[in-house]
Structures are given as structure tokens and as C-alpha cells.
Amino acid sequence: MATLSLSTVSTSNCMHRLSHHLPKPSLYSLSFRPLRRSPLKIRLAAVGPTMASSSGFSDAIGDALGQVSIFSAATGKEVLIKDLWDQDQGMAVVALLRHFGCPCCWELASVLRDSKSKFESSGAKLVAIVVGTTDKARILAERLPFPQENLYADPGRKAYDVMGLYYGLARTFFNPASTKVFSRYESLKEAVKNYTIKATPDDRSSVLQQGGMFVFKGKKLIYARKDEGTGDHAPLDDILDVCCKVPIA
């Protein structure tokens, strides 16, 4: 196992701009292991920053994701993703956020929270999955706040592996796509008013995980977008547009 000390990186781009609002974290010393992948053999293709479609994903992706177990922030119990919405006709917006200690994820979570009623009016359930444990989930849920019934913890990053989401130092700290966060500076500043770095996963290698946004109709993937870098989130209007165009069962 190799150990990499980030002696030149103290935090992400968005943390730098918010340094007067957030406590300064100590430099991370991260122990890395090879990125885990699901044993299920699924052909996964990257979805570029300006392209959002379900093409390139195996038809079995819904079944594969459904078998992943995560933990409910509301109950602390382990649940299968397939049990979170009707696998025949139900629709779900499945947001995979980086980790509970990411300020950019607090901003995204606030946007998802404020859009929850719009998702529901279109017949879609919001499922927010975040890297970390349920105790970290409750920190975000209570301080942001965010509805615990829609929040789930994935400490092993299993859902991220199945969906083929990006992982690594360069994408987390140095990807050009991350500059998009500067256009949302006011929204980000508002979202982190009650932020605490204590929400960061104890497994520091988890902070290198990137997220993505997906919409399912039953088991069928109808929208997919992988974040290219930290803060590179899917446009909310695109997600709502997809949800509104799908007939409610």
C-alpha cells in the first residue's frame, strides 16, 4: 500500500474561495488502495461534461445498482437500492454526491432539497447517496438541513463503483471542470453556513471520489451524467426536464 502526503494541497478549489467561512483543515495524509470495482461485469462508458444520456451503459445497469446495499440516514439500517422505488414503473432521481464533508456537496444537497417537491410533482423520488457513514450523514442532515428519509450513506463506495464514477487526485483538486463552482459562489456560501469538516469520512481516501446524477424509470436508466471534477454538477434544469417528459405511471 502506497502512502501519498498532499504537502501542496490543503483543500479543494471551492474550499479556497470559502476560507473565511470554513475552518481550515489540516493537510490530508491519504492511504490509497486500488479503486474497487463491482464484480459484476458491466460495460460502462464515460459521459462527458456536455453530454448527458444513458447510452453506453449496459441494459443490466439498473439490476446491478439495485443489488447494492447502502445505509439509511433516517434509520441507520442497511437497505438495497432496488427497494427504494418501484422497479417496474417508479421513477427516481439518484444523486451520488462525493462525500459528506465536501462543501460543494452541501451546496448540491441544498439544491436537491429545494427541488424535492418539483421532483415529486413529476412522479420522481429523490435518492441522495453520499460517501461516508450514517453518523456523518446525520451531521449534514441536521446542519444543512436535509431530509433524512431521502439520504443514504455508502461507506464502501459500492454504488460509485457500479456506476463507474471517476476517482483520483487530479479530478478532485485540479480538473478544469471544477471552475464551474465559482459561478455558484453565493449559493455555495449560503449552503456552508453551518458546515463542519467533522462530516468528512474517516477514510480520507474517500475524498477523492467524484459523483454523478442519474434518473431511472423502473430499472431503466434514462439519464446519466458523471461529474468530471469537484463541483461539476449536472444542470438541475436538465434533470427536471427529463423527469417531466416521462409519463407518470
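What counts, and at which threshold
- Per chain, residue numbering runs from 1 following the sequence as it is written.
- In keeping with the predicted nature of the model, local features appear solely for residues at pLDDT of at least 70, side-chain atom pairs appear and are counted solely at 80 or more, and the whole-chain, interface and lining totals rest on all residues.
- Computation of side-chain values: all heavy atoms of the structure, hydrogens and water removed.
- Pairing between strands is defined by DSSP: at least two bridges between the two strands are required.
- Secondary structure is summarised from DSSP: a helix means a run of H or I of at least four residues, a strand means a run of E of at least two, and numbering begins at the N terminus for each.
- To define axes, lines are fitted to C-alpha atoms, for helices over the stretch in contact only, and angles between the resulting N-to-C directions are given on a 0 to 180 degree scale.
- Burial classes follow relative accessibility: with a 1.4 Å probe on protein chains only, a residue under 20% of its type's maximum area counts as buried, one over 50% as exposed, and anything between as partly exposed.
- Starting at the helix axis, one direction is taken to each C-beta atom, and the arc is that of these directions.
- The criterion used for residue contact is that any of the two residues' heavy atoms lie within 4.5 Å.
- Contacts described as polar in this section are N or O atom pairs within 3.5 Å, which, within protein, must combine one atom able to donate a hydrogen with one able to accept it, while residues neighboring in sequence count only if both atoms come from side chains.

Draft legend 1. Here's a closer look at the sheet that holds strand 3 (residues 69–72). What the 7 strands build is an open sheet, ordered 4-3-7-6-5-8-9; its pairing is mixed. The sheet is open, and its two borders are formed by strand 4 (78–80) and strand 9 (220–226), each paired with just one other strand. Sheet twist, expressed as the mean angle between neighbouring strand axes with direction ignored, is 30 degrees. Sheet topology places strand 5 (residues 91–99) next to strand 8 (residues 212–217); 6 bridges connect them, and they run antiparallel. The residue of strand 8 that forms the bridge with valine 94 is phenylalanine 214.

Draft legend 2. Examining helix 8 (residues 236–245) more closely. Residues Ile239, Leu240, Val242 and Cys243 constitute the buried set of helix 8. Down the axis of helix 8, the buried set is contained in an arc of 160 degrees. They therefore lie on one face. What points out from helix 8, more than 90 degrees from its buried face, is the exposed set Asp237, Cys244 and Lys245. Packed against the buried residues of helix 8 are strand 5, helix 3 (103–121), strand 6 (124–131), strand 8 and strand 9.

Draft legend 3. Examining the side chain of glutamine 209 more closely. Along the chain, glutamine 209 falls in the loop between helix 7 (185–191) and strand 8. Taking the relative accessible area as the measure of exposure, glutamine 209 reaches 0% and is therefore buried. Among the polar contacts made by the side chain of glutamine 209, one reaches the main-chain carbonyl oxygen of tyrosine 166 at a distance of 3.0 Å. Every residue in contact with glutamine 209, bar those within four places of it in the chain, is listed here: Arg98, Val131, Arg157, Tyr160, Leu165, Tyr166, Tyr167 and Thr172.

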